[in-house]
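Geometric and topological summary
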Amino acid sequence: MTPSQLESWRRAGLLPRHRRRGLGRGRGSVVDAVDPLVVESAAALARHLRQGRDRRLAVLAWFAEAGTPPVRPGAATVPEPPLAAVRKALVWALQRSASHRLVEFARSAAGASEEGQDALYEAAGRLMGSYRGAANPTLVRAALEAGGDVPAEAEGPNARSMVHVAAAIGLGAQEVGADALAEGFAAFGMFGLTAEDWAQMLGAAERGEGPPVDWGLLQQNADMVAQVLWASDEELLRAREVLVGLRMFYGLYVLHGLLLPDTPAQAALRQRIDEWGVFPFLDHAIAINPSPRQFAESLAVFLEPFFDGLYQILMDQFAENPNIFSIPGDETGAVGFGEKWMRSVEELTKGSRGVGEDTDDGPGGSL
């Protein structure tokens, strides 16, 4: 880092200044004391501001790092970046995201001709791609343990089904229709409800036989940029805490499918997630090692109070039994847990190597 770089970061409001004292008689000033906060802040920014990366992406990466517990015990805590700079970086990243482009395009299609609406569906389909989500880790684990075929992806509606939700944002829910919206909501996997379940509820609301649906909430929650602008500093920090915490619980759930030794504490956490039926949605919204742009989109999603409630329930469950890496009856603790996992993976690898190897059955032997 050069003095000019440090000064440019100060002018941008990213770094505080060391306390200085005057030398008197017009001789300028010098640093009175080196502030560790300034040093650690400069180091954090320098770690993430590699050549060619926009400074705002570095700020997002710094903000993400500051909210992640240190990997090494006793490691220095990463200081927080200025939240005003974080908010600007979030807005900048979200305005360039595929999700925001989709919302803007959907709104521009309101009142459009039939050809314009067809263009919306086509554009939304391209932006959403063909993602189908991860297969349920419980099914993956069962297949691995039985030596069967591992499911490659989640069952159920594909990503194109979500296009109906995007269309409802721009064209209006009444224009899209209850059946199409039901298919879209089912694609998110929320609460374990199928398209038929959603269709029944939405149809009842349309006929006045059930509670009315506030479609304004769909419009409001779709505008991630506005949500970041409206959020307080405390809400941004809390959303990051929820995102990091749910990422941990989601990671444990995924690793269960990769033969992570099961424990009563882990099973209780998975049960909580299953009760809420939110694993498919977490699979859509969470990346284990996100880019700064992915982090920005996920953070905006987790500003929604619903996920705050889910996170608190899982934290309460974790507090009841925090021994997620303690196998009952095994006094070796985390060491024994890790060794058991490695043995399981090695046995699976050895079993895979055996498939396709020659036997002593002669030329006509089996493979």
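This is a predicted model, so every value here is computed, not measured. (Residues numbered from 1 in each chain as written. Predicted model: local features only at pLDDT ≥ 70, side-chain atom pairs only at ≥ 80, totals over all residues. Heavy atoms only, no water.)

Moving on, we come to the overall build of the protein chain. Each helix and strand counted, the protein chain has 19 helices and two strands in total. Residues classed as buried in the protein chain amount to 39% of the 367 residues present. Within the protein chain, counting contacts between residues at least 6 apart in sequence, those at least 24 apart form 64% of the total. Carbon and sulfur atoms provide 54% of the accessible area of the protein chain, an area that totals close to 20300 Å². (Helix = DSSP H or I, 4+ residues; strand = E, 2+ residues; numbered from the N terminus. Buried < 20%, exposed > 50% of the residue type's maximum accessible area, 1.4 Å probe, protein only. Contact = heavy atoms within 4.5 Å. Areas by Shrake-Rupley, 256 points an atom, 1.4 Å probe, with all protein chains shown as cover.)

The next point concerns the nonpolar core. In globular proteins that are soluble, nonpolar side chains generally tend to be buried together. Ranked by size, the top nonpolar core spans 60 residues in total, and within it L90, L246 and F302 carry the most contacts. Leave out the neighbours within four places in its chain, and L246 touches L282, I286, F302, F307, L310, Y311 and L314. L120, L181, A186 and W198 belong to the second largest nonpolar core, which has 15 residues in total. (Core = buried A, V, L, I, M, F, W, Y, C linked by side-chain atoms within 4.5 Å.)

Looking now at the packing of aromatic side chains. Here the structure, examined in full by the defined rule, presents nine aromatic pairs. With a centroid separation of 6.1 Å and 70° between ring planes, the pair formed by F63 and F295 is classed as edge-to-face. Residue F63 is found in helix 3 (residues 55-66), and its partner F295 is found in helix 17 (residues 292-301); the two are separated by 232 residues along the sequence. Under the relative-accessibility criterion, F295 is labelled buried at 2%. Where F302 meets F307, the ring centres are 5.0 Å apart and the plane angle is 80°; that geometry is what we call edge-to-face. The residues F302 and F307 share a single accessibility class, namely buried. (Phe/Tyr/Trp six-rings, centres within 6.5 Å; stacked < 30°, edge-to-face > 60°.)

What follows deals with helix 7 (residues 137-146). Those residues of helix 7 that fall on the buried side of the exposure criterion are P137, V140, R141 and A143. Taken end-on, helix 7 shows its buried residues confined to a sector of 165°, consistent with a single buried face. Facing away from the buried side of helix 7, by more than 90 degrees, are the exposed residues L139, E145 and A146. Considering only its buried residues, helix 7 is in contact with helix 14 (233-256) and helix 16 (279-285). Its side-chain oxygen 2.8 Å from the backbone nitrogen of T138, N136 forms the N-cap of helix 7. Just downstream of helix 7, G147 is the residue with a positive phi angle, here 75°. (Arc of directions from axis to C-beta. Polar contact = N/O pair within 3.5 Å; in protein donor to acceptor, adjacent residues only side chain to side chain.)

So, about unusual backbone geometry. Most peptide bonds take the trans configuration, and most residues that are not glycine carry a negative phi. If you check the backbone angles, L259 has positive phi at about 70° while not being a glycine. On the secondary structure map, L259 appears in the loop between helix 14 and helix 15 (264-276).

Glancing now at the packing of helix 4 (residues 83-95) against helix 17. Relative placement of two packed helices is described by the angle separating their axes and the distance separating the axes. Contact pair helix 4 / helix 17: the axes reach a minimum separation of 9 Å and the direction vectors enclose 100°. Considering the angle they form, helix 4 stands roughly perpendicular to helix 17. For the pair formed by helix 4 and helix 17, the contact residues are L90, W92, A93 and L94 on the first element and R293, A296, E297, L299 and A300 on the second. (Axes fitted to C-alpha atoms, helices over the stretch in contact; angles between N-to-C directions. Parallel < 35°, antiparallel > 145°, perpendicular 65-115°, else oblique.)

Counted according to the given criterion, the structure contains 10 salt bridges. A salt bridge links D54 to R56; the nearest nitrogen and oxygen atoms lie 2.9 Å apart. The class of D54 is partly exposed, set by a relative accessible area of 26%. Between D233 and R87 there is a salt bridge whose closest N-O contact spans 2.7 Å. Of this pair, D233 sits in helix 14 while R87 sits in helix 4; the two residues are 146 residues apart in sequence, bridging distant segments of the chain. Overlapping salt bridges, with partners in common, bring together R238, E241 and D308 in one network. (Salt bridge = Lys/Arg side-chain N within 4 Å of Asp/Glu carboxyl O.)

Another aspect to go through is the side chain of H256. Among the secondary structure elements, H256 is positioned in helix 14. Classification of H256 as buried rests on a relative accessible area of 6%. Discounting chain neighbours no more than four positions away, the residues touching H256 are T138, R141, D262 and R270.

Where helix 14 contacts helix 15, the axes come no closer than 10 Å and their chain directions differ by 105°. By the angle class used here, helix 14 and helix 15 are roughly perpendicular. Along its contact with helix 14, which presents F249, L252, Y253 and H256, the element helix 15 presents L269, R270, I273 and D274. Considering only residue class, the contact of helix 14 with helix 15 consists of five nonpolar, one polar and two charged. (Nonpolar A, V, L, I, M, F, W, Y, C, P; charged D, E, K, R; others polar.)

Turning next to the side chain of S41. Within the secondary structure, S41 is located in helix 2 (residues 36-48). The contacts of S41, once residues within four sequence positions are left out, are L15, W62 and P79.

You can see P261 is positioned in the loop between helix 14 and helix 15. When residues no more than four places from it in sequence are discounted, the contact partners of P261 are R141, Q266, I327, F337, K340 and W341.

What follows is about the confidence of the model for the protein chain. Interpreting fine coordinate detail is not advised for predicted regions of low pLDDT. Overall, the prediction assigns the protein chain a mean pLDDT of 80, with 80% of residues at 70 or greater. Every residue in residues 355-367 is under pLDDT 50, and counting partners more than four places away or in other chains gives seven contacts. (pLDDT = per-residue confidence, 0-100.)

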